[in-house]
Protein chains: 2
Amino acid sequence: MTTNTYALGLDFGTQSVRALVADTGTGEEVGVGVAAYPSGTDGTLLDPERPNLARQHPGDYLRGLTESVRDALGEAAANEETFAPARVVGIGVDTTGSTPIPVDETGRPLALRDGFDEAFSDPLAAQAWLWKDHTAHAEAEEITALAEERRPEYLAKCGGTYSSEWFWSKLLHCARTAPGVFEAAHTWVEHADWMPAVLTGAEHPDRLKRSICAAGHKAMFSDEWGGYPDADFLETLDERLAQVRRTLPDEAHDSSTPAGTLTPEWAERLGLPEAIPVAVGAFDAHLGAVGAGIQPGTLVKIIGTSTCDLMVTPTERDLPDIPGLCGIVPGSVRPGHYGLEAGQSAVGDIFNWFTELAGSDDFSHEALTAEAEQLQPGESGLLALDWHNGNRTVLVDQRLTGGVIGMTLRTTPAELYRALIEATAFGARVIMERYEEYGVEAERIVNCGGIAAKNELVMQIYADVMGRPIQLSQSDQTPALGAAMSGAVAAGAGDGGHATFDDATAAMTGVQDTVFDPTAKHQQVYDRLFGLYRRLHDAFGVEGQSDDLADVMKTLLEIRDA
Amino acid sequence: MTTNTYALGLDFGTQSVRALVADTGTGEEVGVGVAAYPSGTDGTLLDPERPNLARQHPGDYLRGLTESVRDALGEAAANEETFAPARVVGIGVDTTGSTPIPVDETGRPLALRDGFDEAFSDPLAAQAWLWKDHTAHAEAEEITALAEERRPEYLAKCGGTYSSEWFWSKLLHCARTAPGVFEAAHTWVEHADWMPAVLTGAEHPDRLKRSICAAGHKAMFSDEWGGYPDADFLETLDERLAQVRRTLPDEAHDSSTPAGTLTPEWAERLGLPEAIPVAVGAFDAHLGAVGAGIQPGTLVKIIGTSTCDLMVTPTERDLPDIPGLCGIVPGSVRPGHYGLEAGQSAVGDIFNWFTELAGSDDFSHEALTAEAEQLQPGESGLLALDWHNGNRTVLVDQRLTGGVIGMTLRTTPAELYRALIEATAFGARVIMERYEEYGVEAERIVNCGGIAAKNELVMQIYADVMGRPIQLSQSDQTPALGAAMSGAVAAGAGDGGHATFDDATAAMTGVQDTVFDPTAKHQQVYDRLFGLYRRLHDAFGVEGQSDDLADVMKTLLEIRDA
């Protein structure tokens, strides 16, 4: 008789929720269910009059949850003889973020109340404010300006700029533009907070546990200054924010902490055992890094349309603020470690943009990759900047744009495509070097995400440019796996889970056999090209850092001709 | 009874010769004949082993001449009742250049001697060395280096760099790589010298008149230092060049000077009157400017795959050397004027490169132009550099390359196409401003060449960027018309031609009705964009001229958003 136990990971993405049943002993993924959000356009509520608006209906999360979990359990049972729902020992949750939801005194989202859409003049404001909602651009600037003046320490933890995607910007925009909704809301909860609260019956604001990942990375929460930003600061922005501040707790929790245990109602609805622990939630990228096996010395890159570049370093060692990083939050990725987040604003998006320029077969990823693989580093004489969607790390400047130099009348599409890949690799190296400059060394790199799985050329170029062996995570659904791992840790070793994330990582994660090792002679060329990239990077990206560029084009031709 | 007279223009291009019969009173083009050169690939002799090699067979020039003139006369007779061959009063000639031909003691090209191809180990060296032959790259560098050291004045007239396309580079390369041919050659004549000499029976080196246009722009000829470069200088390069120097005359002639009169043999062969004057030849771009009506204050731009940007200014006024210009030669365009030549290394070639990247219907010039026309100046946020084939004027640097900044994930092909058009317009403005900085003012611009005729969007952008009214030459074969005008001037007013180029210009040239006037509000935007272009131009193109570029991308977005 087997002793296998399982953990359930719930990964609430932008378009759908994914439920994953993973073996706690091996990480084997025995069942998965995916449910698309039914509302809006691909799950997102839009407003043609407000192109920056992106909202979601909280009810979609609930429906998607039930459907995906049932499918995952069904698949697990069909796949795996030893599986039974009773063997699921814990649940973990990740979501997008910052995705704040206005809730009433009972913790119920305003958008789930009957007649809410007639109660408000702007009912979309009562929905969940999806991470990519950019309506709060002006408010973000206002918050950044005030923090620069009064609380620079707030900005030092989040790269120097408070984003329109984040918690307080969105709340302030709601207060200003939809005061009725704002007034009706008792408080606001992150999607990552709300899901575990729902499952454990702990939605009431007095009971709900807040995620340190969400609070620390998006809501200026830090123990250094006693939790959320102080009331004075918020009041200067808008006194109504100070009211919200009073509803927030003084502490936030990492994803090893149980938010509570599964209620009988949800246990029945989902077909799971009652009273199993549900971990406090975290963001998808952070638990994705966990599912990729993140540990000190490992840089996990989640490469999709954009990237997240995550590292952890033990909190027992002092860590200075690292300029340009998106976030530095103890416990946000793994308990006992600083979670360090950086990222590139566009990677896959840049490649897609290029292929869609022509949209012909010759411009498909496959055709361009096949041709680009035949090229040697430096052969094209091209050098590009990967800022088509701004620069998140280390320049933290959305008003930067892409660039390419070195074109001749013989420049081919495949050369341009490869130059764009190289540019994103150079951007990745800038991030890695910033980490290392502050003592956070990357001995190896684990890539995950769609592009990592699909394009070997990209991986080899990254290895050659970054000068580190690159591995690919075994799982291709690392956020859901990381969520399952947090469920296993919340359950604890005694109850069929794991005592620590270290144990869970050792047991449940792995990398694929293929390793992309740097090629010495390519590295030499790329070191030279990176030197040139860095000079353009500083010239166009940093005030007062332009040096003489008159040799750049000629050096590119010299490298090409050699 | 009519008194109409006619002049014949012979335009020896790269692929064919064009003969044009023009009314000397009105410039009306009454007959034209075009004959392709039969040899090689599109008239050019190539060598797969030597990709930089481009030669032509002098016999093609003779065959093409006869065929094209007969066709032109036939068409004139058919079109125009008043026309008769006896009414042709003079002949003018333009050719490509520098296209030197090795000839024997009698002035006969070596390639026209029987058995020449067995006589030499490299018989291609005995042919005409076409302008675009780039085999003499190393020799050009050697000549430039020596002149920088010993005769900087030689370089000051030709933009600071002696080109591999030019006379002495080609001769030196021949001496070094095909000494048998070099030894067999008594001297070398430019194609523009040889054609009038043939027609007038003045091929003998003692009688042949040299073109000031060819000598001045390509062979370092100037009255300032007594004609061709001195023997010491040439001897330092190779003593055999000094031998050639001894075969060259002390003077060279403009295209108002008769090279002689048509021989009875050629008169009969062509069906023309005996003894009509044949003008000394000149290069196609220079007589093209004449055919476009060039005069002081008019900048003539011949826009094709690359451009020539020509101006004239009276020699009675002192003119300093203008740095960066390709050539400054008194009489090369019009007698009594400095002929000033500048140019862009690629214009149409850049547009063609872009359309051919994808090669689909969406990327056709027509489709991209239609879409680009809908865009406002600055709307794309893009800024490009037009150096895909290097920069001829004012940087004189073939080792520069193209560039574009400002791309976002929403950048479209039409936006990129328009940015490339704008970049060439900015490059054109740099040239115009260099002229004006040295007192050669451009009050108006006359464009000719294929692109001028075909693309109104390009013309309007040029007007808006350059801030000058742009007109299009009436003739679409201005080199042949300019050649005919030089024939008319060589004939003189008394013999049915014109006394001066001024008279010929007034009578025989014109512009089309359409004028592209600058639009004030576009000009304002383009002035800002040009300021940014100029900063990139200097940063990448001029040592020690980089300033702080960190605002450039943001200013582009600011312009875009406004």
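Residues numbered from 1 in each chain as written. Chains lettered and ligands numbered in written order. Predicted model: local features only at pLDDT ≥ 70, side-chain atom pairs only at ≥ 80, totals over all residues. Heavy atoms only, no water.

**Topic: the relation of the copies chain B and chain A**
Point 1. Placing chain B over chain A gives an RMSD of 0.1 Å and needs a rotation angle of 179°, together with 0.2 Å of translation along the axis. The two molecules are tied by a two-fold rotation axis, judged by turn and shift.
Point 2. Most of the interface of chain B is mirrored in chain A, where 100% of its interface residues again form contacts. (Least-squares fit on C-alpha atoms with pLDDT ≥ 70 in both. Contact = heavy atoms within 4.5 Å.)

**Overview of the pattern of salt bridges**
Residue and element names in this part refer to chain B.
Point 1. Enumeration over the complete set of coordinates arrives at 53 salt bridges over all chains.
Point 2. The residue Arg-55 makes a salt bridge to Asp-133 at a minimum N-O spacing of 2.7 Å. Taken together, the residues Arg-55 in strand β4 (residues 55-56) and Asp-133 in the loop between β7 (128-129) and α3 (137-150) connect sequence positions 78 residues apart. In this structure, Arg-55 and Asp-133 share a single accessibility class: buried. (Salt bridge = Lys/Arg side-chain N within 4 Å of Asp/Glu carboxyl O. Helix = DSSP H or I, 4+ residues; strand = E, 2+ residues; numbered from the N terminus. Buried < 20%, exposed > 50% of the residue type's maximum accessible area, 1.4 Å probe, protein only.)

**What about the sheet that holds strand β20 (residues 511-516) of chain B?**
All names here are of chain B.
Point 1. Pairing is mixed across the open sheet formed by seven strands, whose spatial order is β14-β15-β13-β12-β18-β19-β20. For this open sheet the edge positions go to β14 (327-330) and β20, each flanked by a neighbour on one side alone. The average undirected angle you get between the axes of adjacent strands in this sheet is 25°.
Point 2. Pairing of strand β19 (residues 470-473) with β20, which is carried by three bridges, proceeds in the antiparallel orientation. Of the residues in β20, the one forming a bridge with Ile-470 is Phe-516. (Pairing = 2+ DSSP bridges. Axes fitted to C-alpha atoms, helices over the stretch in contact; angles between N-to-C directions.)

**So, the domain arrangement of chain A**
How big an interface is tends to be stated in terms of accessible area lost as the parts join.
Residue and element names in this part refer to chain A.
Point 1. Assigned domains of chain A: these are domain 1 (6-284 + 479-511) and domain 2 (293-474 + 519-562).
Point 2. Taking the mean C-alpha position of each, domain 1 and domain 2 sit 30 Å from one another.
Point 3. Contacts between the two partners involve 18 residues from domain 1 and, on the opposite side, 23 residues from domain 2.
Point 4. If you sort the residues of domain 1 by the area they bury against domain 2, Lys-157, His-217 and Val-511 come out on top, with a joint share of 36%.
Point 5. Along the contact surface separating domain 1 from domain 2 lie two salt bridges.
Point 6. In this structure, the salt-bridge partner of Arg-334 is Asp-502, at a minimum N-O distance of 2.3 Å.
Point 7. With four residues, helix α8 (residues 212-218) is the largest single contributor of residues to the side of domain 1 that touches domain 2.
Point 8. Residues that form the side of domain 1 that touches domain 2 fall into these classes: seven nonpolar, eight polar and three charged. (Domains from an automatic or database assignment. Buried area = accessible area lost by both parts, 1.4 Å probe. Nonpolar A, V, L, I, M, F, W, Y, C, P; charged D, E, K, R; others polar.)

**Describing the nonpolar core**
Point 1. Among the nonpolar cores identified, the biggest contains 150 residues, and Phe540(A) and Phe540(B) are the most heavily contacted of them.
Point 2. If near-sequence neighbours (up to four positions away) are discounted, Phe540(A) is found in contact with Leu385(A), Trp387(A), Leu400(A), Ile405(B), Leu536(B), Phe540(B), Leu549(B), Ala550(B), Val552(B) and Met553(B). (Core = buried A, V, L, I, M, F, W, Y, C linked by side-chain atoms within 4.5 Å.)

**Comments concerning the environment of Cys448(B)**
Residue and element names in this part refer to chain B.
Point 1. Residue placement: Cys-448 occurs in strand β18 (residues 444-448).
Point 2. Judged by its relative accessible area of 3%, Cys-448 falls in the buried class.
Point 3. Taking C-alpha positions, Cys-448 is 8.6 Å from Ala-289, a pair spaced 159 residues apart along the chain.
Point 4. Beyond its immediate stretch of four places on either side in the chain, Cys-448 contacts Ala-292, Val-300, Lys-301, Ile-302, Ile-303, Ser-473 and Thr-478.

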